[in-house]
Amino acid sequence: MLPTLLLIFLTPLLTTPVLANPGQPTVSGTPGQFQLVGNSLVSAQQVFLGAPNKMYIVDKVENNPTTIAGHPAWAAEYDLDSNMARAMDIVTNSFCAGGNVLGNGTWVNIGGNQAVTWGGNNAADSTGDPPYDDPDGGFSIRLLDPCDDETCNWVVPDSISMTSRRWYPTVETLEDGSCIIIGGNQFGGFINSAGNSNPTFEYFPPKGSDPNYGLPMLENTLPANLYPLTWLLPSGNLFLQINWAAAVFNYKANGFVGTEFPFPNIPAAVRTYPASGASTMLPLTPQNNWTATILFCGGTNLEPDQWGTGWNLAKYPTSDSCVNITPDKSTTWVTDDSLPQGRTLGNLVLLPDQTVFLVNGANTGVAGYGNDSWAIGHSYADNPVYQPTIYHPTAPAGSRFQSAGLSAATIPRLYHSVAILLLDGSVFISGSNPNPDYTVGDDVAYPTEYRVERFFPLYYNKRRPEPGGLPTQLTYGGAYFNVTLSSTDLSGDVSNLKNTKVVVIRQGFTTHAMSMGQRLVELDLSYAGNADGSGTLYVSQLPPNPAIIAPGPAFIFVVVNGIPSVGVQVMCGSGKIGKQTPLSVPTLPLASFATSVNGTSSGNSTVVNNDKNGAFSRHGTPTALVLVAILNAFLGWLF
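These numbers were taken from a predicted model, which means no experiment stands behind them.

Quick notes on the rules
- Counting from 1, residues in each chain are numbered in the order their sequence is written.
- Local features in this predicted model are restricted to residues of pLDDT 70 or higher, and side-chain atom pairs are both shown and tallied only at a pLDDT of 80 or more, whereas totals for entire chains, interfaces and linings draw on every residue.
- In computing side-chain properties, one takes all heavy atoms of the structure into account and sets aside hydrogens as well as water.
- Numbering of helices and strands runs from the N terminus; a helix is a DSSP stretch of H or I covering at least four residues, while a strand is a stretch of E covering at least two.
- C-alpha atoms define the radius of gyration, and 2.2 Å times the number of residues to the power 0.38 defines the globule rule.
- Throughout this description, buried means an accessible area under 20% of the type-specific maximum (1.4 Å probe, protein chains only), exposed means over 50%, and partly exposed covers the range between.
- A pair of strands is considered paired only if DSSP assigns at least 2 bridges between the two.
- Counting of polar contacts relies on pairs of N or O atoms within 3.5 Å, with two restrictions inside protein: one atom must be capable of donating a hydrogen and the other of accepting it, and residues adjacent in sequence are counted only when both atoms are side-chain atoms.
- Two residues form a contact once any of their heavy atoms are found within 4.5 Å.
- By definition here, a salt bridge exists when the distance from a side-chain nitrogen of Lys or Arg to a carboxyl oxygen of Asp or Glu is within 4 Å.
- A pair of Phe, Tyr and Trp rings is counted when the ring centres sit within 6.5 Å of each other, with Trp represented by its six-membered ring. The angle between the planes then sorts it: under 30 degrees is stacked, over 60 is edge-to-face, the rest tilted.
- Over a ring means this: the NZ of a Lys or the CZ of an Arg is within 6 Å of the ring centre and within 35 degrees of the ring normal.
- Here, nonpolar core refers to any group of buried Ala, Val, Leu, Ile, Met, Phe, Trp, Tyr and Cys residues whose side-chain atoms link them within 4.5 Å.

J.: Is there a simple way to explain the overall build of the protein in this structure?
T.: Helices and strands together make up the secondary structure of the protein, namely four helices and 46 strands. Against the compact-globule benchmark of 26 Å for 639 residues, the protein has a radius of gyration of 25 Å, which places it among compact chains. For the C-alpha atoms alone, the extent of the protein along its principal axes is close to 85 × 55 × 50 Å. The buried share of the protein, reckoned over its 639 residues, is 61%.

This is the structure in structure tokens:
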């Protein structure tokens, strides 16, 4: 049998399948600019990247020109290679639904509106009337297992539904791969109200002894408390930010009934819908010990008694404030750099280089639409913000937002617009539809929008690393894996291993200026530089805590000097819904460089130089000594 030492070090290679080396981007683009690429068929109110080249788009029920099953379509699958879309039948009314991905890779789209007819007016029958034939979606749990061959379709099983109706619910995946469904209202409307609110939460699949549970925070935050901003924290608790209020919520307490721990109110502005500020959890890294800090930007400072439509909301200035908080460590809100200008309806997108791209939105007004005399057409927002900007989390205060080299957009993206990261590092941008139904024409200020754009970050046209050895699955702890980089990947300088990172990104489910489940986790690593200028990364698995990133599909990137590889899909955890098994974390080899004895980069004899500056943590036996030991053991076994 194989010697024990050899078996220990080869086990990861023998048992973990690896992916083919990612190549270069296949789409040409100009860094810092937007490019029009296609047509979404339905307006992109909700989107998620379900497969490497497939974007899934969900709209509200409206008179889209594209039809399916004899009625207008309100869902589509968009192929990112061909920029062509196919209509999908999502069955029930998905207007303002929530969504996320489960630990087994199934995506859920949850809740929605009652059946409607022309102009978004209520249908006479809950099963839907012509021309839309859209059954009531308020209780619906829609399921999709994405595919790459255009054979997958949405399923709405009769045997599965929520216990109460929800419009504008939030869905957050939990550390066992199930999800929690929070809040919303019953029958829609611009803002929430006591008689219409659904101040409860439930689980899918169900947990505990009751079908759903009350959440007092939702009763105390009317009327701007739809789509509660929610994040699973590394502690295993949830952080909730709703209207002006905030709290940590231990959802597991008392048999999944949960316990709230109130925090001070958020400063400066409301961020939840319909204030619709932008928000995201910032990168979780070895340097910050995978501690969650959450950033909130923009929104409006309207108080609860100011949300009526009897005055011109569309002209009310938005907030330029940004704040952040680290809930597992502190209850204190920290004032961050201000936005270049006030913004509502913006999207914050985590990029592989660990910066955050901000795009879309308006400088005045709020989310929503109506037939009010002061509305801009129907829009409750006006003065589109065309200039994107990038937030640099580690830059000194006062210099975190940077727009140099970024061209302005030309398409207004207001209510019901989206932005989401693609695997080549560009950003998919679409949507905008502040209208009760399909509305187009030269005289329409903000029409129903189908145009799809890509934005190309400044790194886009640089030669990308093509790492070898990326796994198809990541565990929570467990044996580290090896990733190889050529001299070309390292730009001819092996010392660039010091500036190399491996990141896992889940783009999440994006709608209404929020991305449910979006997060970026940097993996711990060490490295060995070879005499020929190539290198090997010794990369730890995910931290042994599934609350840092919940189980389910994500994408892995190798980033050298701020230039990301093309991402590849990876499964985090077991690929099943259920308790994940944390594994022990082995010590990584010391970071090291090999230099040739004769002073050239191609000599056969090498000397190991341990690098004490390039390693993050947990380094042990020098890499070359480990390799020598493995080689000796292998040769001894053979001969």
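J.: Where do I start with the pairing of strand β12 (residues 179–182) in this structure?
T.: Walk down a regular strand and you will see the side chains alternate between the two sheet faces. Of the two faces of β12, both are covered, the one formed by Cys179 and Ile181 as well as the one formed by Ile180 and Ile182. Bridging between strand β11 (residues 170–173) and β12 involves four bridges; their strand directions are antiparallel. If you follow Thr173 over to β12, its bridge partner there is Cys179. Hairpin connection from β11 to β12: five residues lie between these consecutive antiparallel strands, with Gly177 at a positive phi of about 85°. As defined by bridge partners, β12 adjoins strand β13 (residues 200–204) across four bridges and the pair is classed as antiparallel. For Ile180, the partnering residue across the bridge sits in β13 and is Tyr203.

J.: How should I be thinking about the side chain of Glu202 in this particular structure?
T.: With respect to the secondary-structure elements, Glu202 resides in strand β13. Overall, the relative accessible area of 3% leaves Glu202 in the buried class. Of the polar contacts made by the side chain of Glu202, one reaches the backbone nitrogen of Thr163; its length is 3.1 Å. Not counting residues within four places of it along the chain, the set of residues in contact with Glu202 comprises Met162, Thr163, Ser164, Arg166, Cys179, Ile180, Ile181, Pro211 and Asn212.

J.: Can you help me understand the pattern of salt bridges in this one?
T.: Under the definition given, this model contains 17 salt bridges. Residues Lys54 and Glu150 are paired through a salt bridge, measuring 3.6 Å at the closest nitrogen-oxygen approach. Taken together, the residues Lys54 in strand β3 (residues 54–58) and Glu150 in the loop between β10 (141–144) and β11 connect sequence positions 96 residues apart. Classification of Glu150 by relative accessible area gives partly exposed; the value is 44%. Note that Arg451 is salt-bridged to Glu449, the shortest N-O span being 2.7 Å. Here Arg451 falls in the partly exposed class, since its relative accessible area comes to 37%. A relative accessible area of 6% means that Glu449 is categorised as buried.

J.: Before we go on, may I ask you to explain the packing of aromatic side chains in this structure?
T.: Under the counting rule described, the total for this entry stands at 34 aromatic pairs. Both rings, one in Phe239 and one in Phe263, keep their centres 5.7 Å apart while their planes meet at 65°; by these two values the pair is edge-to-face. Taken together, the residues span a long stretch of sequence, with Phe239 in strand β16 (residues 238–242) and Phe263 in strand β18 (residues 259–263) at a distance of 24 residues. A single burial state applies to Phe239 and to Phe263, both of which are buried. Clustering of aromatic rings is evident, with ring pairs tying together Phe95, Trp167, Tyr168, Tyr227, Tyr273, Tyr369 and Tyr415. Stacked on the ring of Phe95, the Lys or Arg Lys60 has its end atom at 5.8 Å from the ring centre. Above the face of the Tyr460 ring, Arg464 is positioned so that its terminal group lies 5.1 Å from the ring centre.

J.: So what exactly am I meant to see when it comes to the nonpolar core here?
T.: Generally speaking, soluble globular proteins have nonpolar side chains that are buried together. Phe239, Phe296, Val504, Leu523, Leu537, Leu542 and Ile556 are the most contacted members of the largest nonpolar core, which has 104 residues in total. Counting 51 residues, the second-largest nonpolar core is a separate cluster that includes Met55, Cys322, Phe401 and Tyr459.

J.: Teacher, can you tell me more about the sheet that holds strand β20 (residues 294–297) here?
T.: Hydrogen bonds between backbone groups are what pair the strands of a sheet, and the pairing can be parallel or antiparallel. Strand order across the open sheet formed by four strands is β19-β20-β21-β22, with antiparallel pairing between neighbours. Strands at the two margins of the open sheet, each flanked by one partner only, are β19 (278–281) and β22 (334–335). When strand β21 (residues 322–325) meets β22, the two strands line up antiparallel, connected through two bridges. Each bridged residue has a counterpart across the sheet, and for Asn324 the counterpart in β22 is Val334.

J.: Explanation requested: unusual backbone geometry in the structure shown.
T.: A negative phi angle is the norm for most residues apart from glycine, just as the trans form is the norm for most peptide bonds. At the junction of Phe204 and Pro205, the peptide bond is cis and its omega measures out at -10° in the coordinates. Looking along the chain, the bond that leaves Leu222 and enters Pro223 is cis, with omega of 0°. Mapped onto the fold, Pro223 is located in the loop between α2 (216–219) and β15 (229–232). Despite not being glycine, Asn83 shows a phi value in the positive range, around 55°. Mapped onto the elements of the fold, Asn83 is located in the loop between β6 (75–79) and β7 (84–87).

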